[in-house]
Amino acid sequence: MSHPIILTGDRTTGPLHLGHYAGSLRNRLKYQDTHRQFVLLADTQALTDNIGNIGKVRESVLDVVLDYLAIGIDPCKTTICVQSHLPALAELSLLYLNFVSVGRLQRNPTVKEEVRARDFENSIPAGFLCYPAAQAADITAFRATLVPVGEDQIPMIEQTNEIIRRVNAVAGHPLLEEIEAIVPKAGRLPGVDGASKMSKSAGNAIKLSASPAEISAAVNAMYTDPNHLRVQDPGQVEGNVVFTYLEAFHDDAEEVEALKAHYRRGGLGDVTLKKRLAAILQDFLEPIRDRRAQLEQDPDYIRDIVRDGTQTARNLTEQTKSEIYDGLGLFRL
């Protein structure tokens, strides 16, 4: 029996961080043993808001692959591929734009929020606006039926299924299978400044490749309880970034609960708490950083992994594209 196909991936806009690990990478390690998993290096999608910095997008491809391998993604189990080298994705994106209106794209809640966050209100790049159709192309080209996403991305999955239903209606039979979103139980990891989202561009992230000094500096800068002015004062755990990170990365849940209780009743200072978290993150990131440094010494090996994975993905996506064209009754030479 064949394994269900999962498609996931990352925009290639820089090295990955702890937010990526908590939100998706941790699950990818699990899925690669139970599913046929494809990880897409989304460089084309990264260009939708980085067209003036193509160099960053290009150079980040290998950066992201290094992070994948350093945390334990196995290229023998997970196919790693580059979006821009899969022409079937671009061709299907163009096809699917005929199955969706501009108004529907503009009403997509995820697109609206991303447009607002990037201050695109007066000048939205067409590629950015059309991303829901491009994502539908990515997913269906791989014949994926499961897509891990955060809650904020669920509207994108819903729109992909709308496109799938329209394609099936035109074909007159179930040409494409609808997809299911896998939403991780863990919530989004906040930035060290307490912002709702850890982001490379916002400068509030801890990279998976962070040095010991960078880790310490980031933890020391973490947002805690602004009203916890003295050690003996009771403190608030909710909204305290240090506790959010402890919950995400400390293996001893009992100790985390004990620290919470101590903090709430008073007598536990922020400095002591941050030292505990810093030690945990140092232990967690040290082997990842060391493995990454080793891999950097053999760039040809990294390129071979990407080249082989992309060829595997190209074969699959080209076959799927042909099946979709045939199913829709397009002209054949």
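Preceding this paragraph is the structure being described.
Residues numbered from 1 in each chain as written. Predicted model: local features only at pLDDT ≥ 70, side-chain atom pairs only at ≥ 80, totals over all residues. Heavy atoms only, no water.

Colleague: Honestly, the overall build of the protein chain in this entry has me stumped. Any pointers?
Modeller: Assigned secondary structure in the protein chain consists of 14 helices and 5 strands. For 333 residues, the compact-globule formula gives about 20 Å, and the C-alpha radius of gyration of the protein chain, at 22 Å, lands near that figure. With respect to the three principal axes, the spread of C-alpha positions in the protein chain is 80 × 45 × 45 Å. Expressed as a percentage of the 333 residues in the protein chain, the buried residues total 50%. For the protein chain, the proportion of contacts with a sequence separation of at least 24, taken over those separated by at least 6, is 77%. Of the roughly 16400 Å² that the protein chain leaves accessible, carbon and sulfur atoms contribute 51%. (Helix = DSSP H or I, 4+ residues; strand = E, 2+ residues; numbered from the N terminus. Rg over C-alpha atoms; globule rule 2.2 N^0.38 Å. Buried < 20%, exposed > 50% of the residue type's maximum accessible area, 1.4 Å probe, protein only. Contact = heavy atoms within 4.5 Å. Areas by Shrake-Rupley, 256 points an atom, 1.4 Å probe, with all protein chains shown as cover.)

Colleague: I tried to follow the pattern of salt bridges on my own but got confused; where do I start?
Modeller: Two side chains carrying opposite charge are able to pair once their charged atoms lie near each other. Overall, the coordinates contain 22 salt bridges when judged by the stated rule. One salt bridge in this structure joins Arg276 and Glu255, with 2.8 Å as the shortest N-O distance. Pair noted here: Arg276 is in helix α13 (residues 270-296) and Glu255 is in helix α12 (residues 253-265), with a separation of 21 residues, a long-range link. Its salt-bridge partner being Asp326, residue Arg332 comes within 3.4 Å of it at the nearest N-O pair. With a relative accessible area of 61%, Arg332 lands in the exposed category. Overall, Asp326 belongs to the partly exposed group, its relative accessible area being 37%. Here the residues in one salt-bridge network are Arg11, Asp49, Glu114 and Arg118, joined through shared partners. (Salt bridge = Lys/Arg side-chain N within 4 Å of Asp/Glu carboxyl O.)

Colleague: Could you clarify how one ought to interpret the packing of aromatic side chains in this entry?
Modeller: What describes a pair of aromatic rings is the distance from one ring centre to the other and the angle between the planes of the rings. This structure, assessed with the given rule, holds 8 aromatic pairs. Between Phe243 and Tyr263, the ring centres sit 5.2 Å apart and the planes meet at 65°, which makes this aromatic pair edge-to-face. One end of the pair, Phe243, is in helix α11 (residues 241-249); the other, Tyr263, is in helix α12, and 20 residues separate them in sequence. Note on Phe243: relative accessible area 1%, which makes it buried. Across from the ring centre of Phe249, 5.6 Å away, lies the NZ or CZ of Arg26, which sits over that ring. (Phe/Tyr/Trp six-rings, centres within 6.5 Å; stacked < 30°, edge-to-face > 60°. Lys NZ or Arg CZ within 6 Å of the ring centre and 35° of its normal.)

Colleague: Sorry, what's going on with the pairing of strand β2 (residues 36-42) here?
Modeller: Regular strands place their side chains on alternate faces of the sheet. The element β2 is largely enclosed, with a buried count of 6 among its 7 residues. Each parallel crossover has a hand, and for strand β1 (residues 5-11) linked through helix α1 (residues 18-31) to β2 it is right-handed. In this sheet, strand β3 (residues 78-82) lies alongside β2 in parallel orientation, the contact comprising 5 bridges. For Leu41, the partnering residue across the bridge sits in β3 and is Val82. (Right-handed = clockwise from strand over helix to strand, strands pointing away. Pairing = 2+ DSSP bridges.)

Colleague: Would you mind going over the packing of α1 against α11 with me for this structure?
Modeller: What describes two packed helices is the angle between their axes and the distance between those same axes. Direction vectors running N to C along α1 and α11 enclose 40°, while the axes themselves pass 11 Å from each other. On the basis of the axis angle, α1 is oblique to α11. Two packed elements cross with a definite hand, and for α1 against α11 that hand is left-handed. Residues Leu18, Tyr21, Ala22 and Arg26 of α1 lie in contact with α11, whose contacting residues are Tyr245, Ala248 and Phe249. (Axes fitted to C-alpha atoms, helices over the stretch in contact; angles between N-to-C directions. Parallel < 35°, antiparallel > 145°, perpendicular 65-115°, else oblique. Left-handed = near helix turned anticlockwise from the far one by under 90°.)

Colleague: I'm lost on unusual backbone geometry in this one. Help?
Modeller: Trans peptide bonds make up most of the peptide bonds, and negative phi angles are found at most residues other than glycine. Here the phi dihedral of Asp119 falls at roughly 60°; this positive angle occurs in a residue that is not glycine. Position of Asp119 relative to the elements: it lies in the loop between α6 (109-117) and α7 (126-129). Residues other than glycine seldom take positive phi values, yet Arg143 does so here, at roughly 60°. Along the chain, Arg143 turns up in the loop between α8 (131-141) and β4 (146-148).

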